[in-house]
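Coordinate inspection notes
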Amino acid sequence: QVQLVESGGGLVQAGGSLRLSCAASGYISGINAMGWYRQAQGKQRELVATISSGGSTKYADSVKGRFIISRDNANNTVFLQMNNLKPEDTAVYYCNAIRVTYGGSRLPYWGQGTQVSVSS
């Protein structure tokens, strides 16, 4: 099993910044992509940003130019720097990791979520 523990959420005014962290532990061998998803109240969970083990990144259009995803492979940690936050960024943010098994299966793991609230 892989455990993901997020930190860094909170309440911020519009235009402010927050930095989320997610540390992976447990059976971390084979972890490939890591990323962040979010779920606003009454809405489906959506992708925010992902980063491969090699550093390739992907962002949702709504956060491009404002959010930056990065990872520290040595410490199995992924970060999300969120700048110029908007009220519509308010959501529970979930860390995600994909572990590739020796058989080639891709197993997803999720953190418990951290609340980000942006006031106008």
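Residues numbered from 1 in each chain as written. Predicted model: local features only at pLDDT ≥ 70, side-chain atom pairs only at ≥ 80, totals over all residues. Heavy atoms only, no water.

Another point: the overall build of the protein chain. Check the secondary structure of the protein chain and you find zero helices and eleven strands. Ordered by position in the sequence, the α and β elements of the protein chain form the string β-β-β-β-β-β-β-β-β-β-β. The C-alpha radius of gyration of the protein chain comes to 14 Å, within 12% of the 14 Å expected for a compact globule of 120 residues. Along the three orthogonal principal directions, the C-alpha set of the protein chain runs to about 50 × 25 × 25 Å. Sorting the 120 residues of the protein chain into buried and exposed places 39% on the buried side. In the protein chain, of all internal contacts separated by at least 6 residues, the share reaching a separation of at least 24 is 54%. Working note: accessible area of the protein chain is about 6,300 Å², and carbon and sulfur atoms make up 48% of it. (Helix = DSSP H or I, 4+ residues; strand = E, 2+ residues; numbered from the N terminus. Rg over C-alpha atoms; globule rule 2.2 N^0.38 Å. Buried < 20%, exposed > 50% of the residue type's maximum accessible area, 1.4 Å probe, protein only. Contact = heavy atoms within 4.5 Å. Areas by Shrake-Rupley, 256 points an atom, 1.4 Å probe, with all protein chains shown as cover.)

Let's shift gears to the nonpolar core. Core analysis: the biggest nonpolar cluster contains 28 residues, and Leu4, Trp36, Leu80, Met82 and Tyr93 have the highest contact counts within it. Every element with two or more residues in this core is listed here: strand S1 (2-7), strand S3 (18-26), strand S4 (31-39), strand S5 (46-51), strand S7 (67-72), strand S8 (77-82), strand S9 (91-100) and strand S11 (114-119). Excluding residues within four positions of it along the chain, Leu80 makes contact with Leu18, Arg19, Leu20, Trp36, Val48, Ala49, Phe67, Ile68, Ile69 and Tyr93. (Core = buried A, V, L, I, M, F, W, Y, C linked by side-chain atoms within 4.5 Å.)

What follows concerns the environment of Arg38. Examined against the element boundaries, Arg38 turns out to sit in strand S4. Once residues lying within four places of it in the same chain are set aside, the contact partners of Arg38 are Gln44, Arg45, Glu46, Val48, Ser62, Val63, Phe67, Glu88, Asp89, Ala91, Val92 and Tyr93. A polar contact of 3.4 Å, which involves the side chain of Arg38, links it to the side chain of Ser62. Engagement of the side chain of Arg38 in a polar contact is seen with the side chain of Tyr93, the distance being 2.9 Å. (Polar contact = N/O pair within 3.5 Å; in protein donor to acceptor, adjacent residues only side chain to side chain.)

Let's shift gears to the pattern of salt bridges. Overall, the coordinates contain four salt bridges when judged by the stated rule. Here Arg66 makes a salt bridge to Asp89, at a shortest N to O gap of 2.8 Å. In this pair, Arg66 is assigned in the loop between strand S6 (57-59) and S7 and Asp89 in the loop between S8 and S9, connecting sequence segments 23 residues apart. According to the relative accessible area criterion, Arg66 is buried, its value standing at 9%. With relative accessibility at 1%, the residue Asp89 sits in the buried group. Linked through salt bridges whose partners overlap, the residues forming this network are Arg38, Glu46, Arg66 and Asp89. (Salt bridge = Lys/Arg side-chain N within 4 Å of Asp/Glu carboxyl O.)

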